[in-house]
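Chain by chain, the residues:
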Amino acid sequence: HCFGLTGSFFSFDVINYFTNILICLLIHFYLAETLVDKAMELGEFGGTYGGNKKPTKFLCLILKMLQIQPEKEIIAEFIKNEDHKYVRVIGAFYLRLVGRPVDVYQYLEPLYNDYRKLRQKTDNGIQIVHMDQYIDELLTGEHSCDIALPRLPKRAVLEQSGVLEPRISALDDDDVDEEEEVDEKKSLTVQDSKDDKEKERERRRRRERDREKDKSREKDRERVREKDKERDNKERSKDREPDRDRRERDREKDRHSSSSSRRDKDRDRDRDRERDRERDRDRDRNKDRKGDVDRSRTKERDRGGRDRDRERDKKSDGDRSRKRDRDSKDSGGGGGASESLSIEETNKLRAAAGLKPLKV
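The rules behind these values
- Residues numbered from 1 in each chain as written.
- Predicted model: local features only at pLDDT ≥ 70, side-chain atom pairs only at ≥ 80, totals over all residues.
- Heavy atoms only, no water.
- Buried < 20%, exposed > 50% of the residue type's maximum accessible area, 1.4 Å probe, protein only.
- Helix = DSSP H or I, 4+ residues; strand = E, 2+ residues; numbered from the N terminus.
- Arc of directions from axis to C-beta.
- Contact = heavy atoms within 4.5 Å.
- Expected span 1.5 Å × (residues − 1).
- Salt bridge = Lys/Arg side-chain N within 4 Å of Asp/Glu carboxyl O.

J.: Give me helix H6 (residues 131-140): which residues, what numbers.
T.: Note on helix geometry: an α-helix contains 3.6 residues per turn, so any two residues three or four positions apart are oriented the same way. Among the residues making up H6, those that are buried are Met131, Tyr134, Ile135, Leu138 and Leu139. The buried side chains of H6 occupy one side of the element, clustering within an arc of 135 degrees when seen end-on. The elements touched by buried residues of H6 are strand S1 (45-46), helix H4 (85-98), helix H5 (101-108), strand S4 (117-122), strand S5 (125-130) and strand S6 (143-144).

J.: Account for helix H2 (residues 57-68), naming residues and giving values.
T.: The first and last C-alpha atoms of H2 sit 17 Å apart over twelve residues, in line with the 16 Å expected at 1.5 Å per residue. When H2 is considered as a whole, its buried residues turn out to be Phe58, Leu59, Leu61, Ile62, Met65 and Ile68. Just past H2, the residue glutamine 69 takes up positive phi, approximately 55 degrees.

J.: An account of the pattern of salt bridges is needed here, citing residue identities and associated values.
T.: Counted by the stated rule, this structure contains twelve salt bridges. For the salt bridge of aspartate 114 with arginine 88, the shortest nitrogen-to-oxygen distance reads 2.9 Å. Highlighted residues: aspartate 114 in the loop between H5 and S4 and arginine 88 in helix H4, separated in sequence by 26 residues. The shortest N-O distance in the salt bridge between glutamate 159 and arginine 155 comes to 2.9 Å. Here glutamate 159 and its partner arginine 155 are both found in helix H7 (residues 155-161), four residues apart, which amounts to about one turn of the helix. Here arginine 155 falls in the buried class, since its relative accessible area comes to 15%.

This is the structure we're talking about:
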């Protein structure tokens, strides 16, 4: 009725329109709250990982934010959050995707002063990066978390066009503070400068005195060190002398032992040679003895054979003499001629046999 609409049909459509708007707002706020809760639970960030290129939770939350399209103030609160670093990373990455270049530089450049560590999930595993390093990647790189970033104009171009003011770094702030301190020092009065000069003179004098004392102390220390070195050298020389004597003694012992061992070896060799010679001599003697025994046996055999032959000859001579006697007895006279003939015959027979002749 307020909008000038009459009829039940028009009033019902208006009610449905407003109810749909309320439902969308409620869903929007609910999703935003759940998104913040999920972002606070993150322990890492990244794009895709694994062989199947599975997206990380960080990338899923970025997709949800692109669907919701939160306002600029909400993204700014995400970036200003100092308690949860991954909430800040989500806000910075989303602003780099959809924000204007001026807003990107204004909201992301202050994050260069954040040096906290971050865990980035990649195909090779977890890598450790710092917040300022990742912000520099967003401002200067073309890809991040496996996503191509929109083109961002250079800061110098924006400064020349007058859209963006020159950036003042933290180091420049420190220089300004130092200049102010110098100006404050120059603004001191003349009396204060005189007092300072006197104080400086006293300090210089004290420093000179302290230096002289330090020099004298250093000289004393050097003397003490030299004395200690001399003592150490003397002690080392004393320790080295007995070591040298011991070494010489050991060498002499080694020499004597080597010479004695050589002598013992030579003696053993001489003894072995003498033993071998004695054995050879004993063998030769035994051989000579055996030869003598054999010779004596042969001689005895020869003598025994000769004696036997003599006995045989004597027996044969006796038998013959007996026969002759018998024949002489039988014949009577003329026995001398027969005897002489018989002796000559026997001598012939003995000569033929190789025996000595009989004596008449």
